[in-house]
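Survey of secondary and tertiary structure
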Amino acid sequence: MSHSVLSLPNELLVAIAVAGQQDRIADLNSETQSTTFKSEWTWSHVSQRFRDVVVGAPELWALIETDFGSEGSVEILKLYLERSRACQISVTLHEPSGSHLLEEGLLDRRVTRDIVPQINRIRWLRIVLTTMNWEHEEMLPPFRDVAAPCLQHLEVVSTDHDAGTDALFLSGAPRLSSLKIDGITLRLPAPAWTATLTHFDYSSGAPDIDSLAAITAQCPLLVHLRLRINYVAPDTNRFHIPTLSFLHIFISDDGGADYLPRVVDLFHSPALTKFIVHGSHGDQIALLLSLKSLPHSSFPALTSLAFLMGSSQCSCDTANHDHPSHSISSPPGIFPALSHLTLINQCYTSDLIRDILGPASQPWPLKTITLGVKNISFDGVRGVIEDAVVVKRQHGGSLPTVQLGCEPAWSLANWKEDISWDVEISW
Ligand SMILES: [Zn+2]
């Protein structure tokens, strides 16, 4: 540690330590929660003066993560609760694996004793249920009847299997805007605090569409929704979410070509600007984009549409299935404002792009096409794009910018909006 660092004024030292926590704050909102580096400990070991400064800065102790099964967890939790003083806190609680071996009622008592009294200052709460204790009867009940006045984000994740959960915060959570539920079922009627949700991520597979539609109907402010849709019954209810601007759906991949249009037709969301579909196949996309209209839905404001598939999830290309039987010959009537189309690991990308850019197609208002393809498809797709360029040069006309990349940089796991591309072709 250089002399210049050691001579930093206290306020700057705290600011640097807080900056060192930004990755963890970002991780709170990501899937991974992978960061284990805790800058407050590192800094407090540098020198006695640093220790005094860090220990005396409550904002550095506001990110609390505890596994009730690990040794010393109770003491460390107490330390964070003390040192964070009156600061608002973010809390992640891990149910210990093998908690069914613990003394009955122990987890309930610990949560009730150590966490519930802090509820007035918990801003962000993540509960990870991991055990074969499938009723989860000890981690959640302590939160059932209490109010959470400053809670903004609630996340309940079960890594084990689907289970139901009893209602939480029956006395209210008036500032709750973001809810993530994975692996457990939100029972109807949904809690009253769903009325303030703007972000809802419901990754559990269990509920039917009628239940999902009933739950989202209780969220009149919803702008951001992630859902898993496993099956569409013929006479199912639809989603009426006029405020929705972002929708990410996961669909099962065993439906026929008309399955995707039937799923898309479930959403009455005319304000939608960004739509991501995970689990679609090329023949489904070809049919959807070739339709002039859907029976119920239209998306006049939609500018960004993405279709994603895990690289190992689909073998249509190599299994010699029939190529898509629908060709896309004009801008899709369902998405008249579409300016950015993304296809990641989609089967029949060559066919789709040949249709969209090809000479038979009327010009789309598309500005950008983003393509992440399997290595084996890269040359084929690139050839299709280059052929389209040649034709356009001969006949005039403009093409969108095409961003093309292949695995591994392009795998779905790495897919982000701002990824860098192997090839970018602009005209
Ligand atoms: Zn496929």
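Below is a short write-up of the structure. (Residues numbered from 1 in each chain as written. Predicted model: local features only at pLDDT ≥ 70, side-chain atom pairs only at ≥ 80, totals over all residues. Heavy atoms only, no water.)

Focus: the packing of helix α2 (residues 10-19) against helix α5 (residues 48-55)
The N-to-C vectors of α2 and α5 enclose an angle of 70 degrees; their axes lie 10 Å apart at closest approach. Considering the angle they form, α2 stands roughly perpendicular to α5. Like other packed secondary-structure pairs, α2 and α5 cross with a definite hand, here right-handed. Contact residues: α2 offers Asn10, Leu13 and Val14, while α5 offers Arg49, Phe50 and Val53. When the residues that make up the contact of α2 with α5 are grouped by side-chain class, the tally is four nonpolar, one polar and one charged. (Axes fitted to C-alpha atoms, helices over the stretch in contact; angles between N-to-C directions. Helix = DSSP H or I, 4+ residues; strand = E, 2+ residues; numbered from the N terminus. Parallel < 35°, antiparallel > 145°, perpendicular 65-115°, else oblique. Left-handed = near helix turned anticlockwise from the far one by under 90°. Contact = heavy atoms within 4.5 Å. Nonpolar A, V, L, I, M, F, W, Y, C, P; charged D, E, K, R; others polar.)

Quick word on the coordination of the zinc ion
Protein coordination at the zinc ion comes from His281 (ND1), Cys314 (SG), Cys316 (SG) and Cys347 (SG), with a distance range of 2.0 to 2.3 Å. Because the angles between the four donor atoms bound to the zinc ion fall within 99 to 124 degrees, the donor set is best described as tetrahedral. Between consecutive donor residues of the zinc ion, the sequence gaps follow H-x32-C-x1-C-x30-C. Here the residue His281 occupies a position in the loop between β13 (274-278) and α10 (282-290), and Cys316 occupies one in the loop between β14 (304-308) and β15 (340-344), the gap between them amounting to 35 residues. For the pair His281 and Cys316, one class covers both residues: buried. (Donors = N, O, S within 2.8 Å, 3.2 Å for Na, K, Ca; no water. Tetrahedral: all angles 85-135°; square planar, octahedral: opposite > 155°, others 65-115°. Buried < 20%, exposed > 50% of the residue type's maximum accessible area, 1.4 Å probe, protein only.)

Geometry only, nothing functional implied.
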